[in-house]
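An overview of the molecular structure
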Amino acid sequence: MSENFNKKNAINLLKDFIHDYLNDDIEKLKDFSFWGIAGNSKYDGTSSGIDDKNFDGDRTNIIYAIDFLLYGNGRLSEDFLIPNYPYRTTLYCNYTGETINTFNTLFGKEIKKRNEVAKIFPQDIWEKIIDAKQKNNPFAKDFFHIYQRLGNFMLLPSKTKSRKSINSYRGFFNEHWKDYFDIFLDNLKLKSDDFLNQLVDKNKFFFKEKSFDDFLNVFYLQGKDFSYKNFKLGKEHFAHWELTKENSREYVNFANAYIEKASELIEARSKILVNELVERFSELNN
């Protein structure tokens with residue numbers, strides 16, 4: 001399939017989405033939570049609805065269309081292959097979706113566990129994390145919705161070693177990182193983790209001749225007013241399975257600081273990505 005064919009498909013899907021969900025105003029994409037398309041087979045493709053634990057916003061059909069437009073044309077590599085562009089299966093792909101700032105690590109994925117975590121938070125603070133009244137509002141401003149915005153999605157190389165990818169190693173196979181992006185970035189920058197270094201080499205990713213700033217720039221992780229270089233959460237990083245009566249106060253304080261910093265970065269990066277789409281693809285404004 002040709003580059004032009006894939007571009008046309010991605011543009012058409014995004015234009016349909018802008019019409020169906022954004023009232024033909026692409027600027028609204030900056031504040032749209034992709035929970036809003038959960039269960040829609042045309043735009044989702046990962047789940048049956050918002051309560052489906054399999055929903056994965058960074059790997060939905062519409063996000064991969066946007067990824068193709070943002071990262072194609074040699075921005076990442078000349079042999080750039082992601083799901084749907086051109087093959088649906090991930091078997092032949094070399095990049096797949098990644099969520100930058102985690103939600104489930106801190107607040108739990110299972111409803112039972114999430115309800116236990118919620119008990120330690122004052123109600124007004126918990127509503128900043130999950131506002132049940134706003135569940136079906138894709139423009140809601142609680143962190144549950146914010147973390148599924150465009151600015152929280154990127155791509156990572158998907159080739160594996162010992163059945164682990166960079167994505168899964170960061171998220172599931174390294175208990176010390178707990179899926180936190182600041183820890184991952186530090187290890188990527190310092191090349192301080194042997195297994196991550198092996199994955200980087202296997203994927204021919206983050207070449208030695210490129211700087212850490214090059215990495216941040218190519219993935220839109222810094223701009224005029226923000227940079228993930230400044231995203232520091234301190235030494236202690238909490239996970240829901242570590243919650244105890246003894247550390248509950250520290251847990252709440254960490255959660256507050258985390259959602260505030262992460263939300264600011266997601267908002268700033270969403271603006272950059274939408275501006276990039278508008279600037280590069282005039283078709284989206286017609």
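Residues numbered from 1 in each chain as written. Predicted model: local features only at pLDDT ≥ 70, side-chain atom pairs only at ≥ 80, totals over all residues. Heavy atoms only, no water.

Turning our attention to the overall build of the protein chain. A tally of regular secondary structure across the protein chain gives 11 helices and two strands. Of the regular secondary structure in the protein chain, the N- to C-terminal order runs α-α-β-α-α-α-α-β-α-α-α-α-α. Over its C-alpha trace the protein chain gives a radius of gyration of 19 Å, about what one expects of a compact globule, namely 19 Å for 286 residues. Residues classed as buried in the protein chain amount to 53% of the 286 residues present. (Helix = DSSP H or I, 4+ residues; strand = E, 2+ residues; numbered from the N terminus. Rg over C-alpha atoms; globule rule 2.2 N^0.38 Å. Buried < 20%, exposed > 50% of the residue type's maximum accessible area, 1.4 Å probe, protein only.)

For the rest of this paragraph, the subject is the packing of helix α2 (residues 61-71) against helix α11 (residues 248-280). Remark: α2 packs on α11, axes separated minimally by 10 Å, with the N-to-C direction vectors making an angle of 70°. Taken together, the axis directions place α2 and α11 in an arrangement best described as roughly perpendicular. Judged by the twist between their axes, the crossing of α2 over α11 is left-handed. Two secondary-structure elements touch here, α2 through Ile66, Leu69, Leu70 and Tyr71 and α11 through Arg269, Leu273, Glu276, Leu277 and Arg280. Its residues assigned to classes, the contact of α2 with α11 shows six nonpolar, no polar and three charged. (Axes fitted to C-alpha atoms, helices over the stretch in contact; angles between N-to-C directions. Parallel < 35°, antiparallel > 145°, perpendicular 65-115°, else oblique. Left-handed = near helix turned anticlockwise from the far one by under 90°. Contact = heavy atoms within 4.5 Å. Nonpolar A, V, L, I, M, F, W, Y, C, P; charged D, E, K, R; others polar.)

Attention now goes to the pairing of strand β2 (residues 153-157). Among the five residues that make up β2, five are buried, leaving the element largely enclosed by the rest of the structure. Burial of β2 is two-sided: the residues Phe153, Leu155 and Pro157 facing one way and the residues Met154 and Leu156 facing the other way are all buried. Pairing between strand β1 (residues 95-99) and β2: five bridges, direction antiparallel. Each bridged residue has a counterpart across the sheet, and for Tyr95 the counterpart in β2 is Pro157. (Pairing = 2+ DSSP bridges.)

The subject of this paragraph is the nonpolar core. Of all hydrophobic cores here, the largest spans 92 residues; its most connected members are Phe17, Phe107 and Phe219. The greatest single-element share of this core, amounting to 12 residues, is contributed by α11. With residues near it in sequence (within four places) discarded, Phe219 still touches Tyr71, Leu76, Tyr95, Met154, Leu155, Phe205 and Arg269. (Core = buried A, V, L, I, M, F, W, Y, C linked by side-chain atoms within 4.5 Å.)

On to a nonpolar patch on the surface, then. Nonpolar side chains collect at one region of the surface, where Tyr87, Leu91 and Tyr92 lie side by side and expose about 370 Å² of accessible area between them. With respect to the secondary-structure elements, Leu91 resides in the loop between α2 and β1. (Patch = residues over 30% accessible without salt bridge, like charges linked within 9 Å, V, L, I, M, F, W, Y side chains within 5 Å. Areas by Shrake-Rupley, 256 points an atom, 1.4 Å probe, with all protein chains shown as cover. Salt bridge = Lys/Arg side-chain N within 4 Å of Asp/Glu carboxyl O.)

Quick look at unusual backbone geometry now. Between Tyr85 and the following residue, Pro86, the backbone shows a cis peptide bond with an omega angle of 5°. Among the secondary structure elements, Pro86 is positioned in the loop between α2 and β1. Within the chain, Asn73 stands out as a residue other than glycine whose phi angle is a positive 60°. Residue position: Asn73 is located in the loop between α2 and β1. With phi around 55°, Lys178 is a residue other than glycine that occupies positive phi space. Relative to the helices and strands, Lys178 is located in the loop between α7 (166-171) and α8 (181-190). The class for Lys178 is buried, based on a relative accessible area of 11%.

Tracing the backbone through its elements, the reader meets Glu3 in helix α1 (residues 3-22). For Glu3 and Asn73, which are 70 residues apart along the polypeptide, the C-alpha to C-alpha distance reads 8.2 Å. Those residues in contact with Glu3 that lie beyond four places of it in its chain are Phe68 and Asn73.

Within the secondary structure, Thr60 is located in the loop between α1 and α2. Within polar-contact distance, the side chain of Thr60 engages the backbone oxygen of Gly57 at 2.9 Å. (Polar contact = N/O pair within 3.5 Å; in protein donor to acceptor, adjacent residues only side chain to side chain.)

So, about the pattern of salt bridges. Under the counting rule described, the total for this entry stands at 16 salt bridges. In this structure, Glu110 and Lys53 form a salt bridge, with 3.2 Å as the shortest nitrogen-oxygen distance. Within this pair, whereas Glu110 is found in the loop between α3 (104-107) and α4 (111-118), its partner Lys53 is found in the loop between α1 and α2, the two being separated by 57 residues in sequence. In this structure Lys53 comes out as partly exposed when scored by relative accessible area, which is 45%. The shortest N-O distance in the salt bridge between Lys271 and Glu267 comes to 3.7 Å. With a gap of four residues between them, Lys271 and Glu267 both fall in helix α11, about one helical turn apart. Lys271 gets classed as partly exposed once you look at its relative accessible area, which sits at 39%.

Quick look at α4 now. Among all positions of α4, only Arg114, Val117 and Ala118 are buried. On an axial view of α4, the arc spanned by its buried residues comes to 100°, and they lie on one face. Contacts made by the buried residues of α4 are with α3, α5 (123-129), α6 (143-146) and α11. (Arc of directions from axis to C-beta.)

None of this, on its own, says anything about what the molecule does.
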